[in-house]
Amino acid sequence: MLPNILLKIENSLKDKDILSIDELIKFMSLLRRYKKGEWLYPGVLIRKLNITSSKAYKVLEILKDMDVLEVNYELYCHTCNTFEGTIYETFSQMPTGHECEGCDTELQPLINSIVIYKVIFDGE
Ligand SMILES: [Zn+2]
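Around a metal, the perfect tetrahedron of four donors has angles of 109.5 degrees, and the perfect octahedron of six donors has angles of 90 or 180 degrees. Ligation of the zinc ion by protein atoms is provided by C77 (SG), C80 (SG), C100 (SG) and C103 (SG), these donors lying 2.3 Å from the ion. Each of the 4 donor atoms around the zinc ion contributes to a set of angles spanning 102 to 117°, which defines the coordination as tetrahedral. Taken in chain order, the donor set of the zinc ion reads C-x2-C-x19-C-x2-C. Highlighted residues: C77 in strand β2 (residues 69-77) and C100 in the loop between β4 (98-99) and β5 (106-107), separated in sequence by 23 residues. For the pair shown, C77 and C100 are each scored as buried.

Here it is as structure tokens:
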């Protein structure tokens, strides 16, 4: 992402006061590496910043409201902890009864979907 949008995001997050200064610095350096069309996984945020998932989703929702990110979905098998790889733009596009390639568990969107965030604006 480019400096102009990064600065906007940083200021907005400072106002909201969700992340500590330390977490905010880490988040901004992580975000800098993302480009338009790439996906940001909440799990990456949780691990790299060492924050709770509710905190991570709050931050991501703010970026969504700023039209920097949009919500996409991916099927995830909780039995073998694997992402299925196909990304869906809407929840209704997700197939029902898809079998996990790793362990043959039948996956259902309601239970096995993970919300991920696609970068739709990076300052360009
Ligand atoms: Zn599986």
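Let us now look at the packing of aromatic side chains. What describes a pair of aromatic rings is the distance from one ring centre to the other and the angle between the planes of the rings. Evaluated as defined, the whole model comprises 3 aromatic pairs. Centroid distance Y41 to F83: 5.1 Å. Interplanar angle 75°. Geometry classified as edge-to-face. You can see Y41 sitting in the loop between β1 (39-40) and α3 (42-49) and its partner F83 sitting in strand β3 (residues 82-88), a full 42 residues away along the chain. Ring geometry for Y73 and F91: centres 5.6 Å apart, planes at 75°, overall edge-to-face. Residue Y73 is found in strand β2, and its partner F91 is found in the loop between β3 and β4; the two are separated by 18 residues along the sequence.

We now examine helix α1 (residues 3-16). In a regular helix each residue adds 1.5 Å, so 14 residues correspond to 20 Å; α1 covers 20 Å between its end C-alpha atoms and thus fits that length. Buried residues of α1: I5, L6, I9, S12 and L13, and no others. Around the axis of α1, the buried residues are gathered within 130° of arc, so they sit on the same side. Opposite the buried face of α1, at more than 90 degrees from it, the exposed residues are P3, K8 and D15.

Moving on, we get to helix α4 (residues 53-65). Spanning 13 residues, α4 covers 18 Å between terminal C-alpha atoms, matching the ideal 18 Å at 1.5 Å per step. Among the residues of α4, A56, V59, L60, I62 and L63 are the ones counted as buried. Burial along α4 is one-sided: seen end-on, the buried residues are contained in an arc of 150°. Those residues of α4 that are buried are in contact with α1, α2 (21-31), β1, α3, β2 and β6 (113-119). D67 sits one or two residues past α4 and shows a positive phi near 60°.

Quick look at the pattern of salt bridges now. By the definition in use, this model includes 5 salt bridges. Here K118 and E89 are joined by a salt bridge, their closest N and O atoms 3.9 Å apart. Of this pair, K118 sits in strand β6 while E89 sits in the loop between β3 and β4; the two residues are 29 residues apart in sequence, bridging distant segments of the chain. Of the residues examined, K118 reaches a relative accessible area of 18% and is grouped as buried. The class of E89 is partly exposed, set by a relative accessible area of 46%.

Analysis parameters
Residues numbered from 1 in each chain as written. Predicted model: local features only at pLDDT ≥ 70, side-chain atom pairs only at ≥ 80, totals over all residues. Heavy atoms only, no water. Donors = N, O, S within 2.8 Å, 3.2 Å for Na, K, Ca; no water. Tetrahedral: all angles 85-135°; square planar, octahedral: opposite > 155°, others 65-115°. Helix = DSSP H or I, 4+ residues; strand = E, 2+ residues; numbered from the N terminus. Buried < 20%, exposed > 50% of the residue type's maximum accessible area, 1.4 Å probe, protein only. Phe/Tyr/Trp six-rings, centres within 6.5 Å; stacked < 30°, edge-to-face > 60°. Expected span 1.5 Å × (residues − 1). Arc of directions from axis to C-beta. Contact = heavy atoms within 4.5 Å. Salt bridge = Lys/Arg side-chain N within 4 Å of Asp/Glu carboxyl O.

As far as function goes, none of this settles anything; it's purely spatial.
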